[in-house]
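# Descriptive analysis of the structure
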Amino acid sequence: MSEALEARYFDGLSSRPQRARLAIADARLQVTPLGDGAATPFAVPLAGLRWPERTRHGGRLLALPGGASLQAQDVTQWDAWVAQQVGATESRVVRAQQSWRGVAVGLLLLLAAVGAMYQWGLPWAARGVTALVPHRVDALIGTRTLAQLDDTMLRPSALPVADQERLRRTFTRMVEAAHPEGAPPWNLQFRQGRDKALGPNALALPGGTIVLTDALVQLLPGDDDAVLGVLAHEFGHVRLRHTMRQLVQASAVGFAVSVAFGDFGTLIGTAPVLLATLGYSRDAEREADEESVRLMRAAGISPRAMAGFFEAIERWRGTQPGGRAQGGSIGMAFATHPATAERIAFFKAAAE
Amino acid sequence: MDIDTAAATAPERHPVRFTASGSEYFRIWIVNLLLTVVTLGIYLPWAKVRKLKYFYANTWVGGDALDFHGEPARMLRGTLIAGVFLIAYLVAGAFSGWAELLAAVAFVGLWPALFHASLRFRLANTSWRGLRFHFAGDRAGAYGAMLPPLMLAILPLALAGLTVDPGSRKPSPLASGLIGFGMLAFAASFPFFLWKLRRYQHDHFTLGGLQTRLTARAGSVYGVFLRMLGLGILAFVGMALVFGLFASLGLIGRKAGASVAILTLLGLFAIGGVLLFNILPQSYLQVRLQNLFWSATGNPVLRFDSQMKLGPYIGLQLRNFLLIFLTLGLYWPFAVVHTRRARLEAVTLETRGSLDALTRTGGQENPAAVGDMAADLFGMDIGL
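So, here is what we can say about the structure in this document. None of the values given here were measured: they were computed from a predicted structure.

Conventions adopted
- Residues numbered from 1 in each chain as written.
- Chains lettered and ligands numbered in written order.
- Predicted model: local features only at pLDDT ≥ 70, side-chain atom pairs only at ≥ 80, totals over all residues.
- Heavy atoms only, no water.
- Helix = DSSP H or I, 4+ residues; strand = E, 2+ residues; numbered from the N terminus.
- Polar contact = N/O pair within 3.5 Å; in protein donor to acceptor, adjacent residues only side chain to side chain.
- Contact = heavy atoms within 4.5 Å.
- Pairing = 2+ DSSP bridges.
- Axes fitted to C-alpha atoms, helices over the stretch in contact; angles between N-to-C directions.
- Core = buried A, V, L, I, M, F, W, Y, C linked by side-chain atoms within 4.5 Å.
- Buried < 20%, exposed > 50% of the residue type's maximum accessible area, 1.4 Å probe, protein only.
- Patch = residues over 30% accessible without salt bridge, like charges linked within 9 Å, V, L, I, M, F, W, Y side chains within 5 Å.
- Areas by Shrake-Rupley, 256 points an atom, 1.4 Å probe, with all protein chains shown as cover.
- Salt bridge = Lys/Arg side-chain N within 4 Å of Asp/Glu carboxyl O.
- Expected span 1.5 Å × (residues − 1).
- Arc of directions from axis to C-beta.
- Parallel < 35°, antiparallel > 145°, perpendicular 65-115°, else oblique.
- Left-handed = near helix turned anticlockwise from the far one by under 90°.
- Nonpolar A, V, L, I, M, F, W, Y, C, P; charged D, E, K, R; others polar.

With that settled, consider the side chain of B:S127. Residues and elements named next belong to chain B. Following the sequence through the fold, S127 ends up in strand β4 (residues 126-128). Within the local environment of S127, its side chain forms a polar contact with the side chain of H69, the two groups lying 2.7 Å apart. Apart from residues lying up to four places away in sequence, S127 is in contact with A65, L66, D67, H69, R132 and F133.

On to the sheet that holds strand β2 (residues 18-25) of chain A, then. Residue and element names in this part refer to chain A. Here 6 strands make up an open sheet; going across it, the order is β4-β3-β2-β1-β6-β5 and the pairing antiparallel. Unpaired on one side and paired on the other, β4 (42-45) and β5 (61-63) mark the two borders of the sheet. Between one strand and the next, the sheet's axes are offset by a mean angle of 35°, whatever the strand orientation. Where strand β1 (residues 5-10) lies against strand β6 (residues 69-72), 4 bridges are found, and the strand directions are antiparallel. By the bridge assignment, Y9 is partnered in β6 with L70. Along the sheet, helix α1 (residues 75-85) makes contact with β1, β2, β3 (28-33), β5 and β6, crossing β2 at roughly 20°.

Among the nonpolar cores identified, the biggest contains 57 residues, and B:Y25, B:W29, B:F55, B:W128 and B:Y200 are the most heavily contacted of them. Not counting the four nearest positions on each side in its chain, B:W128 is found in contact with B:V61, B:D64, B:A65, B:L66, B:F133, B:L207, B:L355 and B:L358. In this structure, A:L167, A:L220, A:L231 and A:I344 belong to the second largest nonpolar core, which totals 39 residues.

Residue and element names in this part refer to chain A. The strand order β7-β8-β10-β9 describes an open sheet built from 4 strands, whose pairing is mixed. Unpaired on one side and paired on the other, β7 (154-156) and β9 (202-204) mark the two borders of the sheet. Each adjacent strand pair in this sheet contributes to an overall mean axis angle of 40°, direction not counted. Both β7 and strand β8 (residues 187-193) contribute to a ladder of 3 bridges, which runs antiparallel. Each bridged residue has a counterpart across the sheet, and for L154 the counterpart in β8 is G193.

All names here are of chain B. Side chains of L226, L229, I233, F236, V237, L241 and F277 sit close together on the surface and give an oily, nonpolar patch of about 750 Å² of accessible area. The dominant element in the nonpolar patch, judged by the number of residues it contributes, is helix α8 (residues 218-248), at 6 residues. With respect to the helices and strands, the residue L229 is situated in helix α8.

Quick look at unusual backbone geometry now. A positive phi angle, close to 50°, is found at A:R241, a residue other than glycine. In this structure, A:R241 sits in the loop between α7 (224-239) and α8 (242-260). Positive phi, normally seen in glycine, also occurs at B:R129, with a value near 55°. With respect to the helices and strands, B:R129 occurs in the loop between β4 and β5 (131-135).

Structurally, A:Q249 is set in helix α8. Setting aside residues up to four positions removed in sequence, A:Q249 forms contacts with A:L122, A:P123, A:A126 and A:Y280.

The next thing to look at is helix α5 (residues 161-178) of chain A. All names here are of chain A. For α5, spanning 18 residues, the distance from its first C-alpha to its last is 26 Å, which sits close to the expected 26 Å at 1.5 Å a residue. Along α5, the residues that are buried comprise Q164, L167, F171, M174, V175 and A178. Considered in projection along α5, the buried side chains sweep an arc of 95° and stay on one side of the axis. Exposed side of α5, more than 90 degrees from the buried face: V161, A162, R173 and E176 are the residues found there.

What follows is about the packing of helix α7 (residues 173-202) of chain B against α8(B). Residue and element names in this part refer to chain B. Running from N to C, α7 and α8 point in directions that differ by 130°, and their axes come no closer than 9 Å. Viewed along their axes, α7 and α8 adopt a mutual orientation that is oblique. Of the two elements, α7 crosses α8, and the hand of that crossing is right-handed. For the pair α7 and α8, contact is made by A188, S189, F190, P191, F192, L194 and W195 and by A218, V221, Y222 and F225, respectively. Partitioning the contact of α7 with α8 into residue classes produces 10 nonpolar, 1 polar and no charged.

With that settled, consider the pattern of salt bridges. Going through the model one piece at a time under the given rule, you end up with 22 salt bridges over all chains. With a shortest N-O distance of 2.8 Å, A:E53 and B:R50 are connected by a salt bridge. Linking A:E53 in the loop between β4 and β5 with B:R50 in helix α3 (residues 44-57), this pair reaches from one chain into another. Given a relative accessible area of 24%, A:E53 falls into the partly exposed group.

What follows is the structure, given as structure tokens:
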């Protein structure tokens, strides 16, 4: 193989291609334009050149300082010449992407990195970001959400005021016992669903409002312990600011997906966001269950009460049209919760 | 170049060729994603340059490939600015009232400037035969083309938000009417504004002193949209008929025992629904609008011709959709390459006169990258 390579040379001033001979000498690339009226030969230092990556069918274009450029006439010849004359021009990243083994390792590392981000990185960052958001914002969102729910799905409670007050007082003592150092503000609202299908339900709004449906209070008549357990669960959401955290996490996941699949299409991009959000909401339920156990223990209530509550919920659900598949449409939407059996086992274990 | 004599000769045709392969882009994509995740997004500009360089080096016009010249280190600054802007926007959007309105106003105010900056950056960093492209449109033109539709989309909502009675929290009839009217006006004028925007773009592509012009008329864009509407109605009626047929046969709506037959049917309906209401209208618009706009782009010396076929393109998109779904997203880069090939190889460049005779006119440009990175992060389509 000769030491010179012929290539197409463009001077950057006109679209007219010229033939040029390339050679390497003294760590410089020497370009000698050929033919009639050819430009004068010149040389550029090798150090500043970014050689094109090797691809199967792509062209090889090399930009020279000052706007001129070279293009391979024969790609195979060009690659061989560069390998022989210039040596290894490709970075480790490019070499990895050119071998299937490198890509397989990359895919595994990618899965591990995404998994780690999902499991630890994002929740950690979301906690940090949430801590920066003033509590006023939570309260604002909570007030607006409650107003919307009152307009659409809820109506005032029919529970006797005495019952409401008793639950409120007992739960206040319960929170004080578990958090003598002081707890975030909360307030308890009683409502009933406009539609019967809402059934026994509870939800925590950002800013500390806990909504309890009459049907939930009446699910186990005369048994306040289970209601207090549910309240403690919702209080867990309030204390850990789960709504805000999930808002932050959902935006971050959406952003990451749009970067990965940025070229086109939206229908497919929503699926991973939805899955991640569901996963995070299950984690939040687990954390709230732990808080519930903590409060019940502090108040001397056996966590077994919650196991009884879940069994009652299952019975109630069995009586509903549509059967077990149905979940509440807001708040404590049981479909998004960890499997009920798993939760019953958790509370039973906590009772021992 | 002498235009009079050039116009007298028959044009020379140069089909665009796209030689990228799905498996090769798959490898680039995986490595890019890994590095972007590990560096928490810092690698984004390097990933983008690698991707564009790959696509450009595989895009051949008249025997010569394109090249991309963006400097990742310089683009990093743009990425960071765009990222901060995006986060501020997301955060503000999550709050209520004034913050949301303010974010929307800032968004509307900056969008055309970013769009313009993005086009300038992308074209100034694209070369063919050693000559850089240039976007000759100015910022005022971008505002002129984009501000009216953006205002039309956002103003009624903002006004309605301000007139809400705090007591009832329900929008007043006036506000509801305003929103309804605004949405109608936006829908009716959308083809016109799309045409204005595309004209702003296609009127200002420049290479070596040759600027393109868009000769398509707004009426043709309305034609495309009306036909798509008709197609959508047909699809809807067809779907309703098939559904009604199955319902009357008692196959749907039978309680309990989710049999395999019903699940299969539902799956088929889901695929049919996606095909009819997502892939079909989207593909129809992409094919017809590309043919309309690109075939009407050029000047007396140099002219594009786009002859994309609808049938094969719909088939391709359906296959892409199913395979992406079945491979949990891993087919994505293959889909991107196949779609690009279908769109690029439908285009032919027709020239009257020699391709060798173009010469550089302006000096070297170096526009900032923030617009282009913002376009990426916000998913803005600059239509190149």
